[in-house]
Each structure stands twice: as structure tokens, then as C-alpha cells.
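Residue-level listing of the chains:
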Amino acid sequence: MGRKEDMAKAAQLLMAKQEDVRNIGIVAHIDHGKCVSPETRLLFADGSIGTAQNIFDTYSKNGKLVKESASETVYELQNETTPIFSLNKQTGKIEQKQISHVWKLKGGKTLKVKLRNGATVETTSKHKYLVFDGDFIEKQAKDLQKGDFIINARELTTYSNINLKAELLNKISSKPLYVKLYSPITQTFKELIQANPKLKALLPSKAKDSALTANIRNNRFPIVDALFLAQQSGINANTLYDNIEWIFYRVNGKYSKNAKPMHLPQNFENFFYFVGLLLGDGHEDKLIVGKPLLGTRFAEICQELGINPVFRNYSYRTPEISAGSKTLMAILESLFDYPLGKKSHKIRLSSFALSAPNSCLASLTRGYFDCDGTVEKARGAVSVSSTSVQMLKDT
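Computed from a predicted structure; not experimentally measured.

Some words on the overall build of the protein
(1) Moving on: Summing up its helical and strand segments, the protein has 13 helices and 21 strands in all.
(2) Moving on: Taken over 395 residues, the protein has a buried fraction of 41%.
(3) Moving on: Pairs at least 24 apart in sequence give 62% of the contacts found in the protein among residues at least 6 apart.
(4) Moving on: Element-wise, carbon and sulfur atoms account for 49% of the exposed surface of the protein, whose accessible area totals about 22000 Å².

Some words on the sheet that holds strand β19 (residues 320–322)
(1) Moving on: Spatially, β16-β17-β19-β18 is the arrangement adopted by the four strands of the open sheet, whose pairing is antiparallel. The sheet is open, and its two edges are formed by β16 (282–283) and β18 (310–312), each paired on a single side.
(2) Moving on: Pairing of β18 with β19, which is carried by three bridges, proceeds in the antiparallel orientation. The residue bridging Val310 from the neighbouring strand is Ser322, located in β19.
(3) Moving on: Along the sheet, helix α8 (residues 268–281) makes contact with β16 and β17 (286–288), crossing β17 at roughly 60°.

Quick look at the packing of aromatic side chains
(1) Moving on: The final tally for this structure, using the stated rule, is 13 aromatic pairs.
(2) Moving on: With a centroid separation of 6.2 Å and 35° between ring planes, the pair formed by Tyr241 and Phe268 is classed as tilted. Of this pair, Tyr241 sits in helix α7 (residues 237–242) while Phe268 sits in helix α8; the two residues are 27 residues apart in sequence, bridging distant segments of the chain. Neither residue differs from the other here; Tyr241 and Phe268 are each classed as buried.
(3) Moving on: For the pair Phe271 and Phe274, a centre-to-centre distance of 6.5 Å together with 15° between the ring planes defines the contact as stacked.

Some remarks on the sheet that holds strand β4 (residues 72–76)
(1) Moving on: Read across the open sheet, the three strands follow the order β3-β4-β7; overall the sheet is antiparallel. The open sheet has two edge strands with one neighbour each: β3 (64–68) and β7 (101–105). Averaged over all adjacent pairs, the angle separating strand axes in this sheet is 20°, with direction ignored.
(2) Moving on: Across four bridges, the pairing between β3 and β4 is antiparallel. Residue pairing across strands places Leu65 opposite Tyr75, the latter belonging to β4.
(3) Moving on: Along the sheet face, helix α2 (residues 52–60) touches β4 and β7 and points at about 125° away from the line of β7.

The rules we used
Residues numbered from 1 in each chain as written. Predicted model: local features only at pLDDT ≥ 70, side-chain atom pairs only at ≥ 80, totals over all residues. Heavy atoms only, no water. Helix = DSSP H or I, 4+ residues; strand = E, 2+ residues; numbered from the N terminus. Buried < 20%, exposed > 50% of the residue type's maximum accessible area, 1.4 Å probe, protein only. Contact = heavy atoms within 4.5 Å. Areas by Shrake-Rupley, 256 points an atom, 1.4 Å probe, with all protein chains shown as cover. Pairing = 2+ DSSP bridges. Axes fitted to C-alpha atoms, helices over the stretch in contact; angles between N-to-C directions. Phe/Tyr/Trp six-rings, centres within 6.5 Å; stacked < 30°, edge-to-face > 60°.

Following this line, the structure appears as C-alpha cells:
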């Protein structure tokens, strides 16, 4: 009984400080009742976050269909996945495990469970929660009662092995962005195409021969084509990234026009701080300059990105600094889920941000707190206010 008594004592101490409990774990074997609503966000061990729906859609593509019925679809995953957190009920410790199956129920009702610390989770009625009642027991959602103590992880330690340059290029490749390359890389692509003419038909952009010729002449390629040709040439993403001189937004069409170009970030900590400022006091690509020092820093990072900021001073409202860049907006939307238009209720930390190295995430948080944070002298605490509930949960 010694181990159980020690675990029970640890659980009691943990629940005595409920404000420290913030993460909800979902653990069970297949068919053991642990389905959640499609929009539920799940944390991976590398810090990235995906919704249940997105995780199912992503992993089922390469999984083996093992069960399909009128009520559910189940895939077995045969390749390694990004580890996810799992509870070892024998030791009482949180471990990192590979995902073995993904499944989706068709139809059915869900229940929303709200904890005293404000956290909520929406699951099926048969979802099993780990509850402490003198010992660890499992209770289905439908059997939970007010006053039950649900066990949550107080702290989950994530690791980041993300290649920021590669992930950035992959994320933004869904947008109509073009890159201007340095000549040696373009020459490599030109020689590759000349040696393998069939590659023209495989270009993701489906560019016509005349457009491809013009792209080569101008060292300019749709980003999706640049990634494809780099892969075919054996050029890794880091090398491609370092050989991109400019990037710009361009909508295809007979009278299409390039948006203002910008550089890709070279100092990622500065770039994440820049994003934090926009999440706090930004509106689209403008910073509302309530604090002159932050305006100065915003303008400096704009210039690092090759953007000439526009300063607007008003006699009747707070000054603004505008980047004036559709290219920047496309990149921010792709990487950080940055809302277009009114953003106050919509901001959140994206999967890209959460999976970034701690130094970058800390820079983003610092920028956000520099705008919306305050020091409460009475409590000796640093706090932040936001109309976005999800942003408060993420930070």
C-alpha cells in the first residue's frame, strides 16, 4: 500500500493548489471511451497543438483502416508520430508515447465538463476521467458529480526539435507567395529542368512554359515550385531559406501585381517579439503606439524585414506605425493564425508558436505582455488582460 499512499498524498497536495492545475490529459486504450469534441486542442510533446479533427485528418491519411462501421472509423498508425503525453497508471507518472490509433465517432452527443480552475473539456458521455477519491478511480463523464476531484497534470515539459526555417517555408507555402532567389540557386534549378524536362509538368503551380522561362530569367518562383525544385535538386530547406533574397505576395491573373517585398526573418527572437506586439496592440499590419518605446522597437524590426514603416501621428487619437505589407499579413496568418480585421476576441497561440524554441516563445510572450500586461504592486504579480479567452489560456 506504500506506493498508493504516497501517490494519494501527492494528489492531495496538488489539489490543494488548484490554481496550479491547468492541463487536461486524455488517456486510454482503443475502445475505452475517450472521444472528445472535434475542436478540442491536444498538446504534443514537442509543444505543438492540434485539434482532434486535424489530428485525425492528418494521421488517417497514412494509417491502416482497421475498422469502419456506421458508428465509427478507426485507423492504426504504422509509422512513428510526434509523441503525445500519456499517464502511466502503474507509476502515476506522465510519459511520452507514440499514437497507435486514431478514430472518429459518427454522431453522438457530448458533455462539457468545467473545472473550478476555469478549464473546460468537451467529451462523449463515456469518456473516462481519472478521479481521486482516496485512491485513483476512473469515472465516465456521465457519472461525474459536482465536487469530484479530476486529476490533471500540473506541469508538462515539452521539447522543441522544430527546424524553424523548414517549418516556416512549409507553413507559408499554402499562400500565393513568390520568392526571389539568388542567382546560383536559380542556375541549379535551370540545369535540373533542362536535364529533366518532365519536371515541368510536375510543378505544383502548374506554370506554363512561358511563365517558367520568365521565372528563371527573373530569379523568381512561386514558393511551392521553389520547395519542389529544391527537393528534386537535393537542396535542404535551410539552404533554400538562406538563398531567398525577397518574398512577396502575388495573386495570379492577367493583371496581377506584386505586393511589396520583404525579407524572411533572420533573427527569430526579434520576429517573435514583433508578433507579440501585434497580438497585443496591433490592428492588421499596424501597431497602435501607446508606448513610444514599443513603437521604436516595432519600426526597427520592420526595417530588419526590409519593410519601410509608415508613421501616422494624429491630433485626435493614438499614433500608429504601419508596415503596409500584404506579404507580411499572409505570413502572419499562415504562421500565427493572425486574424484579419478585428482580432481582439480571436487571437491565440498557434501550433507553430507553441512548438518553437522556448527563447522564441518567450520573446512573443514578452512582446504581448509589454503591450497588454501590467505589474500589480499590491499582489506583487504580473498579469495580462485580454478579451480572448483562448489567449489567456494559452499564455
